[in-house]
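# Breakdown of the fold
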Amino acid sequence: MKQGFDQDFLFGGAICSSQAEGAYKEGGKGLDTQDLRYFDPAWTKDERKLIPNRRLNHPKLEAALQTDDTSHYPFRHGIDFYHRWESDLDLFQEMGLRIFRTSVCWARIYPHGDDEKPNEEGLKYYHDLFAGCQKRGIKVFVTMLHYNIPWHLVEKYGGWRSRETVKFYEKYARTLFARLGDTVDYWLPFNEFNAGKFNPYNGVCILDDDADNTQDTIFQCLHHQFIANALAVKACHEMLPGKMIGGMIARFTSYPATCKPEDVMQSITDEQYSNWFYLDVMARGKYPSYMERFFDHSGVTIKMEPGDKELIAENTVDFVSFSYYFSQVSTTQNGWEKTEGNLIMSNKNPYLKSSEWGWQMDPIGLRVTLNQVYDRYQLPVFVAENGLGAIDHVEADGSIHDSYRIEYLREHIKQMKEAVKDGVELLGYTMWGFIDVVSCGSMEMSKRYGVIYVDQDDAGNGTLERSRKDSFYWYQKCIASNGEDLA
Ligand code: BG6
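About the cut-offs
Sequence positions are assigned chain by chain, starting from 1 and proceeding in written order. Only residues with pLDDT of at least 70 are given local features in this predicted model, and only at 80 or more are side-chain atom pairs given and counted; all residues enter the totals for whole chains, interfaces and linings. As a rule here, side-chain values come from all non-hydrogen atoms in the structure, and water together with hydrogens is ignored. Going along the chain from the N terminus, every DSSP run of H or I of four or more residues is numbered as a helix, and every run of E of two or more is numbered as a strand. Each radius of gyration reported is based on C-alpha atoms, and the globular scaling rule is 2.2 Å times the count of residues to the power 0.38. Classification of residues uses two cut-offs on accessible area relative to the type maximum, computed with a 1.4 Å probe and protein chains only: under 20% is buried, over 50% is exposed, and between them is partly exposed. The contact definition used throughout considers only heavy atoms, calling two residues in contact when any of these lie within 4.5 Å. The charge count treats Lys and Arg as positive and Asp and Glu as negative. His and the chain ends do not count. The atoms used to mark charge sites are NZ of Lys, CZ of Arg, CG of Asp and CD of Glu. Here, the arc refers to the directions that run from the helix axis to the C-beta atoms.

## Section: the overall build of the protein chain
Secondary structure summary: the protein chain contains 18 helices and 16 strands in total. A compact globule built from 487 residues would reach a C-alpha radius of gyration of about 23 Å, and the protein chain, at 21 Å, matches this within 12%. With respect to the three principal axes, the spread of C-alpha positions in the protein chain is 60 × 55 × 50 Å. Every one of the 487 residues in the protein chain was classed for burial, and the buried ones make up 61%. At a minimum sequence separation of 6, the contacts of the protein chain that also span at least 24 residues come to 76%. For the protein chain, the centre of its 53 positive side-chain charges and the centre of its 71 negative side-chain charges are spaced 2 Å apart.

What follows is the structure, encoded as structure tokens:
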């Protein structure tokens with residue numbers, strides 16, 4: 001039995017291009033879907049939570065396409081990681097980071113998505129960034145698509161509705177493997193595959209008021225993404241033998257609200273429809289039988305082309321990964337109290353405390369999840385995201401005492417260690433928003449996850465200077481002791 005983490009356990013940190021880079025029109029980058037999301041810094045806390053405010057519709061889209069404003073479009077400025085990556089990597093190295101997860105912005109490589117040749121400036125940017133990690137002894141974990149796809153592909157082809165997008169994605173994937181393959185250790189074709197279902201704009205480019213915003217369209221787009229994923233796995237295995245490529249979901253771990261059989265059954269189906277379906281296709285290589293019932297019931301028909309089933313079956317992923325922020329409960333009972341959650345509203349668990357954003361914190365749920373995922377797939381597992389979004393206060397002397405974040409990380413890492421002792425083959429842990437970034441859901445800067453603070457407010461004002469929070473020193477000690485010193 002293992003007593004703790006392996007010596008080469010990959011303690012790391014994660015961010016993504018759209019929430020960090022900024023420079024939305026520099027280096028030959030094309031406009032992408034995240035550049036268009038509108039945020040009003042004057043919105044109250046409650047207004048920031050409203051789904052219509054978080055999502056894009058046609059009137060907001062038309063306005064976005066007419067302006068170069070950045071203060072209402074936070075993904076256009078991010079935290080200026082595009083220009084500051086070298087000094088940021090120095091800080092990552094000082095902290096002892098072993099692996100860095102970020103995403104490549106598709107529109108920096110193919111500005112329109114359907115360009116004949118890639119943009120050399122974009123390729124050079126990522127090559128320098130990843131080589132910069134290597135130089136500092138930091139491994140690289142790349143998400144190939146973290147929600148931001150070239151806007152032109154949506155405008156001209158309908159985004160993931162179209163099989164054409166699959167073709168362009170494959171070309172993009174092959175370009176990444178050919179030109180960046182020497183600098184990357186782990187590949188992930190898609191961030192949170194189930195996002196298409198829970199957040200159709202982020203996941204599959206469907207606007208709130210699109211006439212075809214239906215289950216049928218969503219599952220057709222998801223099918224195209226499954227094909228794109230299989231083509232990326234195939235290309236990676238052909239072009240980069242020995243490198244690992246994985247599948248990822250946002251894991252909504254669900255407990256039955258009571259031991260009433262109806263609640264237990266509800267929990268099983270919630271897990272199947274919200275979580276397992278996506279990993280089952282990518283890791284087991286076929287559409288699971290329980291989805292036939294779901295598709296029949298919801299009147300969904302998926303158009304497949306000859307060869308699709310074989311392609312999915314023959315190109316399964318090498319590891320499975322997930323983001324884990326909270327757990328939820330499943331019940332058939334009406335009127336169960338609700339709370340917020342990542343991408344979704346969920347049922348409240350009376351035994352758990354929630355973050356300021358209503359996400360129910362459940363460290364043991366991470367051990368539960370790791371056991372479930374490993375039992376099901378028997379593949380190496382990566383915790384690709386986990387962390388606490390909170391409001392930080394900067395003291396007069398510049399220090400930031402984020403004991404709440406240390407507590408959150410400590411309890412989750414303890415449970416990960418228990419899962420390793422349970423026998424789970426765990427590759428690594430990339431805590432989310434390792435350096436403060438723009439929040440994905442609520443688009444605000446005030447919801448911070450980092451152990452590194454970034455001086456910027458919700459309207460994009462600030463010096464952008466970086467500073468170390470108390471959690472920086474805590475995580476540094478945790479990594480140096482290989483997860484043994486968690487005090
Ligand atoms: C995950 C996303 O769903 O959750 C990240 O992959 C995101 O992009 C993270 O930032 C936390 O969500 P939020 O809305 O608090 O930023």
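## Let's talk about unusual backbone geometry
Located in the positive-phi region is Glu192, a residue other than glycine, with phi close to 35 degrees. In this structure, Cys205 is a non-glycine residue whose phi angle is positive, near 65 degrees. You can see Cys205 is positioned in the loop between helix H11 (200-204) and helix H12 (215-239). The class for Cys205 is buried, based on a relative accessible area of 1%.

## Considering helix H14 (residues 290-298)
Residues of H14 that are buried: Tyr290, Met291, Phe294 and Phe295. Down the axis of H14, the sector holding all buried residues measures 135 degrees, keeping them to one side. Opposite the buried face of H14, by more than 90 degrees, sit the exposed residues Glu292, Arg293, Asp296 and His297. Looking at the buried residues of H14, the elements they touch are helix H10 (195-198), H12, helix H13 (261-284) and helix H16 (363-377). Just downstream of H14 lies Gly299, where phi reads positive at about 65 degrees.

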